[in-house]
Amino acid sequence: MLNELKITLSIVSCLHIYKKMEHLIKINNVSKSYGDYKALNNISINVPRQSIYGLLGPNGAGKTTLIRMLNQITAPDEGEIIFNGEKLNRNHISEIGYLPEERGLYKSMKVGEQAIYLAQLKGVSKKDAEKRLKQWFHKFGITEWWNKKVEELSKGMQQKIQFIVTVIHNPQLLIFDEPFSGFDPINVNLLKKEILELRDKGATIIFSTHNMSSVEELCDNIMLINKGQKVLEGSVYQIKQDNKDNSFEIVLRNSKPFDLPENFSLISEKTDSNGEITLNIKAENDINPNILINYLSEKGTIISYRELLPSMNDIFINKVNSL
């Protein structure tokens with residue numbers, strides 16, 4: 001009995017530690033002012049481990065201030081930032097990789113030489129840096145640029161180099177600020193694949209962007225910030241569920257003329273060349289959509305049915321404009 005009690009207590013203790021450490025970043029009641037301007041006002045967020053966390057907001061919302069705090073370029077006036085269970089401090093710098101929106105490489109240096117130098121600044125030995133970098137250069141198809149000067153590279157090529165040197169030291173936290181800026185669609189997909197792979201290998205990623213389609217594609221959770229205040233936070237799935245308006249798209253074939261049942265309104269109707277009708281219908285709150293499906297199944301053949309969820313772009317615009 002005593003041994004069983006010890007095992008139970010040990011399991012409870014482990015669960016408590018796991019619960020405490022399940023978030024890599026905990027930002028608690030952080031505020032920051034510049035003179036009379038309140039850049040951040042009592043912001044609290046939790047960034048789960050091994051996730052992609054979207055940091056969203058219009059220009060001037062406070063995103064850059066928050067990123068600067070995580071990089072310890074500036075400090076909060078109030079509140080605290082916890083990194084991996086400890087108060088954020090200088091020892092954590094080597095555990096963070098930051099790709100800023102405004103890129104910057106030494107134009108006259110050779111690519112490989114500069115990449116090795118930057119990797120060494122992040123604590124990677126010269127030998128390991130060269131080995132890792134050549135693997136990344138091969139993966140990105142840029143091995144022929146190793147001995148070229150940075151100024152000879154296109155903007156997209158330079159951004160690939162900066163992405164590589166951001167992740168080369170395998171940090172726990174990666175912060176990407178508009179990482180796809182200036183890339184063509186092929187290279188955007190390449191970077192998306194690498195970002196997802198980095199997460200799957202254990203990295204926690206903070207992803208700041210204005211591209212809402214990338215948010216929907218990549219992010220597990222998001223925070224929307226505006227005028228220094230948190231407007232919205234949660235999983236992308238749950239936020240879309242919470243902001244849906246009970247709209248549905250139904251495609252009918254061989255339908256008879258009909259009027260919609262009570263508590264349903266027609267938003268739009270389109271008939272294609274095959275005679276199939278696409279209906280966009282909105283239901284009043286708490287109305288079971290099965291009522292509509294059963295009704296329409298008697299008026300024609302239902303080809304498809306789906307609930308229409310708002311896009312993150314629509315949610316972003318609505319939330320910001322409503323403030």
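Treat the numbers as computed from the prediction; the structure is a model and nothing was measured.

### Re the pattern of salt bridges
Part 1 of the argument: Tallied over the full model, the rule gives 14 salt bridges.
Part 2 of the argument: A salt bridge links Glu276 to Arg253; the shortest N-O distance between them is 2.5 Å. Taken together, the positions of Glu276 in the loop between strand 12 (264-271) and strand 13 (277-283) and Arg253 in strand 11 (residues 247-253) put the pair 23 residues apart, joining distant regions of the chain.
Part 3 of the argument: Overall, the relative accessible area of 15% leaves Glu276 in the buried class.
Part 4 of the argument: Overall, the relative accessible area of 36% leaves Arg253 in the partly exposed class.
Part 5 of the argument: Each member of the salt-bridge network shares a partner with another, and the members are Lys139, Lys193, Glu194, Glu197 and Lys201.

### Concerning the environment of Ile195
Part 1 of the argument: In this structure, Ile195 sits in helix 6 (residues 185-200).
Part 2 of the argument: Looking at Ile195, the relative accessible area reads 0%, which means it is buried.
Part 3 of the argument: Ile195 has contacts with Ile52, Phe163, Phe176, Phe180 and Ile205, leaving out every residue within four places of it along the chain.

### Some details on the pairing of strand 2 (residues 37-48)
Part 1 of the argument: Sheet analysis places strand 1 (residues 23-34) next to strand 2, joined by 8 bridges and oriented antiparallel. Bridge pairing in strand 2 links Lys32 to Leu40.
Part 2 of the argument: The turn linking strand 1 back onto strand 2 is made up of 2 residues, and Gly35 within it adopts a positive phi angle of 65°.

### Considering the sheet that holds strand 8 (residues 204-208)
Part 1 of the argument: Taken together, 6 strands build an open sheet; the order of strands is 6-7-8-3-9-10 and the sheet is mixed. In the strand order of this sheet, the two ends are held by strand 6 (96-99) and strand 10 (229-235), each with one partner. On average, each strand axis in the sheet is inclined to that of its neighbour by 15°, with strand direction left out of account.
Part 2 of the argument: In terms of strand pairing, strand 3 (residues 52-56) meets strand 8 through 4 bridges, oriented parallel. Counterpart to Ile52 in the pairing with strand 8 is Ile205.

### Here we look at the nonpolar core
Part 1 of the argument: Within the largest apolar cluster, 51 residues are counted, with the highest numbers of intra-cluster contacts made by Leu133, Phe163, Phe176, Ile205 and Met312.
Part 2 of the argument: No other element matches helix 5 (residues 155-167), which puts 6 residues into this core.
Part 3 of the argument: When near neighbours in sequence (up to four residues on either side) are disregarded, Met312 contacts Leu56, Met212, Val215, Glu216, Ile222, Val236, Ile239 and Lys240.
Part 4 of the argument: Ranked by size, the runner-up nonpolar core spans 24 residues in total, among them Leu40, Leu55, Leu70 and Ile96.

### Some thoughts on the side chain of Lys32
Part 1 of the argument: Here Lys32 lies in strand 1.
Part 2 of the argument: At a separation of 3.5 Å, a polar atom in the side chain of Lys32 contacts the side chain of Asp77.
Part 3 of the argument: What Lys32 contacts, discounting residues up to four positions off in sequence, is Tyr37, Lys38, Ala39, Leu40, Thr65, Met69, Thr74, Ala75, Pro76 and Asp77.

### Remarks on the packing of helix 3 (residues 111-121) against helix 4 (residues 126-139)
To describe two helices that pack against each other, one gives the angle between their axes and the distance between the axes.
Part 1 of the argument: Contact pair helix 3 / helix 4: the axes reach a minimum separation of 9 Å and the direction vectors enclose 125°. With respect to each other, helix 3 and helix 4 are oriented oblique. Viewed along their axes, helix 3 and helix 4 form a crossing whose handedness is right-handed. Contacts from Val111, Ala115, Ile116, Ala119 and Gln120 of helix 3 reach helix 4 at Lys126, Ala129, Glu130, Leu133 and Phe137.
Part 2 of the argument: Partitioned by chemical class, the residues of the contact of helix 3 with helix 4 number 7 nonpolar, 1 polar and 2 charged.

### Concerning the packing of aromatic side chains
Part 1 of the argument: If you walk through the whole model with that rule in mind, you get 8 aromatic pairs.
Part 2 of the argument: Ring geometry for Trp136 against Phe163: centres 6.2 Å apart, planes inclined by 70°, an arrangement best described as edge-to-face. In this pair, Trp136 sits in helix 4 while Phe163 sits in helix 5, placing the two residues 27 residues apart along the sequence.
Part 3 of the argument: Taking relative accessible area as the criterion, Trp136 reaches 13% and is therefore assigned buried.
Part 4 of the argument: On the numbers, 5.1 Å between centres and 70° between planes, the contact of Phe137 with Trp146 is edge-to-face.
Part 5 of the argument: Overall, Trp146 belongs to the buried group, its relative accessible area being 13%.

### Focus: the confidence of the model for the chain
Part 1 of the argument: Summary statistics for the chain give a mean pLDDT of 89 and a share of 93% for residues scoring 70 or more.
Part 2 of the argument: The least confident element of the chain, judged by mean pLDDT, is helix 1 (residues 2-21) at 45; the most confident is strand 4 (residues 78-83) at 97.
Part 3 of the argument: Across residues 5-20, where pLDDT falls below 50, the model places 0 contacts with residues more than four positions away in sequence or in other chains.

Parameters and conventions
Residues numbered from 1 in each chain as written. Predicted model: local features only at pLDDT ≥ 70, side-chain atom pairs only at ≥ 80, totals over all residues. Heavy atoms only, no water. Salt bridge = Lys/Arg side-chain N within 4 Å of Asp/Glu carboxyl O. Helix = DSSP H or I, 4+ residues; strand = E, 2+ residues; numbered from the N terminus. Buried < 20%, exposed > 50% of the residue type's maximum accessible area, 1.4 Å probe, protein only. Contact = heavy atoms within 4.5 Å. Pairing = 2+ DSSP bridges. Axes fitted to C-alpha atoms, helices over the stretch in contact; angles between N-to-C directions. Core = buried A, V, L, I, M, F, W, Y, C linked by side-chain atoms within 4.5 Å. Polar contact = N/O pair within 3.5 Å; in protein donor to acceptor, adjacent residues only side chain to side chain. Parallel < 35°, antiparallel > 145°, perpendicular 65-115°, else oblique. Left-handed = near helix turned anticlockwise from the far one by under 90°. Nonpolar A, V, L, I, M, F, W, Y, C, P; charged D, E, K, R; others polar. Phe/Tyr/Trp six-rings, centres within 6.5 Å; stacked < 30°, edge-to-face > 60°. pLDDT = per-residue confidence, 0-100.

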